[in-house]
Amino acid sequence: SSWPMSVGQRISHDDYERQKRKLAQIARDNGYFQARFLKAQLEINPSSNKARIHWSFDTGPQYKISSVSLTQTEYSEELLKRFIKIKPEQHYAQQDVVRTQQALNRSGYFNRVDVEQTLDDENHLVAIEIRLQDTEKYVLKTDIGYGTDSGGRFGISWQDLRVNDRGHNYLVGFTTNEIENVTSFQYKIPIANSQDEWLNRFSYRYKDDQVAISKTSTIESRLILRHTDHWSTQWAGSLSSQSISSDTDIISYLEYLVPSVQVNYLSVIDPFAANEGWRWQGELRIGNESLSDPDLNFIQLEQKLKFIWKVSDNWRVLLRSNIAYTDMDTDEFITRMPTHYRYLAGGDASVRGYKYQTLSPSDNDGNLVGGKHLVTSSVELDWQFAEHWRWAWFSDAGNAFNDFSNMDLKRSVGTGVRWLTPVGAIRIDYARAMDSPEKWRLHITLGPDL
C-alpha cells in the first residue's frame, strides 16, 4: 500500500491517523487479529517546523482456519467445491473469504450468501460458517423491450435451475422481434471440481435480414473453461442445416458442421459495475468439405475489443473495435457461405448513423450479400453530469467488404445521453452518417459498457 507521509512533506494529522487505521486493517485482513501498536507517537517541534513519527507494531500470531461449513442448501458438496477458495489449516486471508462469497453469489445457484466468522483467540483459529439460501427451482421469465435495430422485442423462458444436486439446469425459451424468431432448448452441466461448464443447445431460427430469409436448425455442444477470474476459453462444435429464400445466388439448402474456439479476457470481475477496464474476445471458426454439403472450406478469424479509460472522476474515454477476416474464395463465399457467417455493418452496436446491417457488398442486382471481412471502430467521450446520467460524444467508422484494398470505411458522428441502471446503461444516441443521404438516425441500446 502507498505511504502518504515521507521526509520533506507537510504533516497531516488526518493522514497520520488514516495510515494507522490502514496498517491495523491490513493486519486483520491477513489473520493477525491480535495485532496492536506498542508505541505510536507523533512528535512535533514548532520551533524547527519538523515532526517525527515513532511506531512499534506487534502483529502477534497469524490465525489459521479451523473449519469451513456450509448450511441450508440442496446442492452437493462436490458442486460447492467449485466455488470455495478457503480450506481448514490454511492461514486466514480476508481476500480469500471475500472471493469465496463472491463466487457463490455469482454462481446463480443462491439468492443469499452470508458468512459468519468465529474467533478462537486462545488457539489462534477462525471457524467460518457459510449460510446459503438456494434460488427457486423453477423460474419463468418474460422479456419485453425495444431496439432501433430490431424494433419491438418479446421473449419468454422457463428454467429449471436444479435438475439435480450437481447443478444441472435447463432452459426452454422463445424470442421474437421484427427481424427474427428463435426457439431454443439448452442443457448446462457443471464440470466437477472446477468452474467449467458443458453447454448443449438446440435452436430453430427464422430470420429475415438484409441478405435473405433463412430457416436454421442448429445443435451445438460447447465446453466453457474458466482458467482464472479473467481468462476463459470456449471449444464448440455447431451442426446446422439452413434453408434460404433469396433474390441472390446463394445456394438454397446448406448442411454444415463448424468447429470453433473462442478466447476471452475481462479485466474486471463484474462488467455491470465496471467504470474502467477492458474486454477482448478472439474466435476461430473452421469449415471443411468433409463436414459440409455443399463443400464449405473456410477459415474465419474475428476479434472484438472494448476499452474504458477513466480520465477523471467524471470523464471517460471508451474505445471499441471489431475486426474479422475470412480465408475463402470470394465466389464460393457469395454462393455457399451460411448467412450467419457473413458480415454486415451498420446499426446500434456497429456504425451508428446507418441503418441496421446495410453496410455490405452487393451482387450485380444491388442485393446485399454480406462480406468476407469486417472492420468497425468507435471512439467515445462521456461526461457524468449527474449521479445516474452521462452525456457522450462519439465517432464511428466501419464497413463489411470482400477485399482489404477496397474497404471504403463509412463514418459517422453523434451525441447521446446514458441513464445508468443496475443492469447497464440505457443509451439514447443521435448519429449523423457522413457518407449517406440518410443523415441523422436515432439509436437506443441497453447493456453494460464492457
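A quick note: this is a predicted structure, and the numbers were derived from the prediction, not measured.

1. Notes on the overall build of the protein chain
Tallying secondary structure elements over the protein chain gives four helices and 22 strands in all. By principal-axis analysis of the C-alpha atoms, the protein chain measures approximately 90 × 60 × 35 Å. Per-residue burial over the protein chain gives 39% buried out of 450 residues. Considering only contacts in the protein chain between residues 6 or more positions apart, those separated by 24 or more positions represent 51%. With the model as given, the accessible surface of the protein chain reaches about 24,300 Å², and the carbon-plus-sulfur share is 51%. Computing the positive centroid from 51 side-chain charges and the negative centroid from 59, the protein chain places the two 6 Å apart.

2. Describing the nonpolar core
Core analysis: the biggest nonpolar cluster contains 18 residues, and Leu104, Phe110, Ile128 and Leu132 have the highest contact counts within it. Within the residue set of this core, elements represented by two or more residues are α2 (77-80), α3 (94-106), β4 (110-120) and β5 (125-134). With near-sequence residues (within four places) excluded, isoleucine 128 lies in contact with Ile65, Ser67, Val68, Ser69, Ile86, Tyr92, Val97, Val115, Glu116 and Gln117. Formed by 14 residues, the second largest nonpolar core is a distinct cluster that contains Val211, Leu254, Tyr256 and Met328.

3. Brief notes about α3
Between its first and last C-alpha atoms α3 spans 18 Å; for 13 residues at 1.5 Å apiece the expected length is 18 Å, and the two agree. Among all positions in α3, only Asp96, Val97, Thr100, Ala103 and Leu104 are buried. Each buried residue of α3 sits inside an arc of 130° when the element is viewed along its axis, so together they form one side. If you follow the buried residues of α3, they end up packed against α2, β4 and β5. Of the residues flanking the end of α3, it is glycine 108, one or two places downstream, whose phi is positive at about 85°.

Cut-offs used in this document
- Residues numbered from 1 in each chain as written.
- Predicted model: local features only at pLDDT ≥ 70, side-chain atom pairs only at ≥ 80, totals over all residues.
- Heavy atoms only, no water.
- Helix = DSSP H or I, 4+ residues; strand = E, 2+ residues; numbered from the N terminus.
- Buried < 20%, exposed > 50% of the residue type's maximum accessible area, 1.4 Å probe, protein only.
- Contact = heavy atoms within 4.5 Å.
- Areas by Shrake-Rupley, 256 points an atom, 1.4 Å probe, with all protein chains shown as cover.
- Lys, Arg positive; Asp, Glu negative; His and termini not counted.
- Charge placed at Lys NZ, Arg CZ, Asp CG, Glu CD.
- Core = buried A, V, L, I, M, F, W, Y, C linked by side-chain atoms within 4.5 Å.
- Expected span 1.5 Å × (residues − 1).
- Arc of directions from axis to C-beta.

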